[in-house]
Amino acid sequence: MASSATLYITQIRFCRALAVVRSLPTSTNGAFQPSIADRLNFYGLYKQAVSGDCQLLRPSSKLTVQYAKWKSWDKLRGTSPIEAQAMYIHALIELLTEVCYIIMLTC
């Protein structure tokens, strides 16, 4: 089990990562915008980190948005909230690394 200091640091980093993800553009205006897959991944990790395992009934696949959100959260069943926080942080780092690489290639 991780020490309380490590858990605290993970929670602080998670809060900072949340702020970064929430500040990303949601509409295309020439700025970088995460893909739908990235946004769904962040959604599922966020819900697992703050609420634990998904307790919602599976929505109809005809309700595409609700179903995609449910699926992205439910696939994390059994993942601890702290582990989901760490995964969220790592997903953001990977996304930002990818963006930096793309920017470097275009300059």
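Up top is the structure these notes are about.
Structure report, in brief. (Residues numbered from 1 in each chain as written. Predicted model: local features only at pLDDT ≥ 70, side-chain atom pairs only at ≥ 80, totals over all residues. Heavy atoms only, no water.)

### Some details on the packing of aromatic side chains
Move 1: Evaluated as defined, the whole model comprises three aromatic pairs.
Move 2: Note on Phe 14 and Tyr 88: the rings are 5.2 Å apart at their centroids and 75° apart in plane angle, and the pair reads as edge-to-face. Of this pair, Phe 14 sits in helix α1 (residues 4-23) while Tyr 88 sits in helix α4 (residues 81-106), placing them 74 residues apart in sequence. In this structure, Phe 14 and Tyr 88 share a single accessibility class: buried.
Move 3: Three or more aromatic residues link up through ring pairs in this structure, and these residues are Phe 14, Phe 42 and Tyr 88. (Phe/Tyr/Trp six-rings, centres within 6.5 Å; stacked < 30°, edge-to-face > 60°. Helix = DSSP H or I, 4+ residues; strand = E, 2+ residues; numbered from the N terminus. Buried < 20%, exposed > 50% of the residue type's maximum accessible area, 1.4 Å probe, protein only.)

### Examining the environment of Cys 54
Move 1: Here Cys 54 is to be found in the loop between α2 (36-51) and α3 (64-74).
Move 2: Separated by 10 residues in sequence, Cys 54 and Gly 44 place their C-alpha atoms 9.3 Å apart.
Move 3: Residues in contact with Cys 54, not counting those within four places in the same chain, are Gln 48, Trp 70, Trp 73, Asp 74 and Arg 77. (Contact = heavy atoms within 4.5 Å.)

### Description of the nonpolar core
Here is a general trend for soluble globular proteins: nonpolar side chains tend to be buried in one another's company.
Move 1: In this structure, Phe 14, Ala 17, Val 21, Phe 42, Leu 45, Tyr 88 and Leu 92 are the most contacted members of the largest nonpolar core, which totals 15 residues.
Move 2: Looking at this core, the elements that each hand over two or more residues are α1, α2 and α4.
Move 3: Broken down by element, this core gets its largest block of residues, six residues, from α4.
Move 4: Apart from residues no more than four positions distant in its own chain, Tyr 88 is found in contact with Phe 14, Ala 17, Leu 18, Val 21, Phe 42, Leu 45 and Tyr 46. (Core = buried A, V, L, I, M, F, W, Y, C linked by side-chain atoms within 4.5 Å.)

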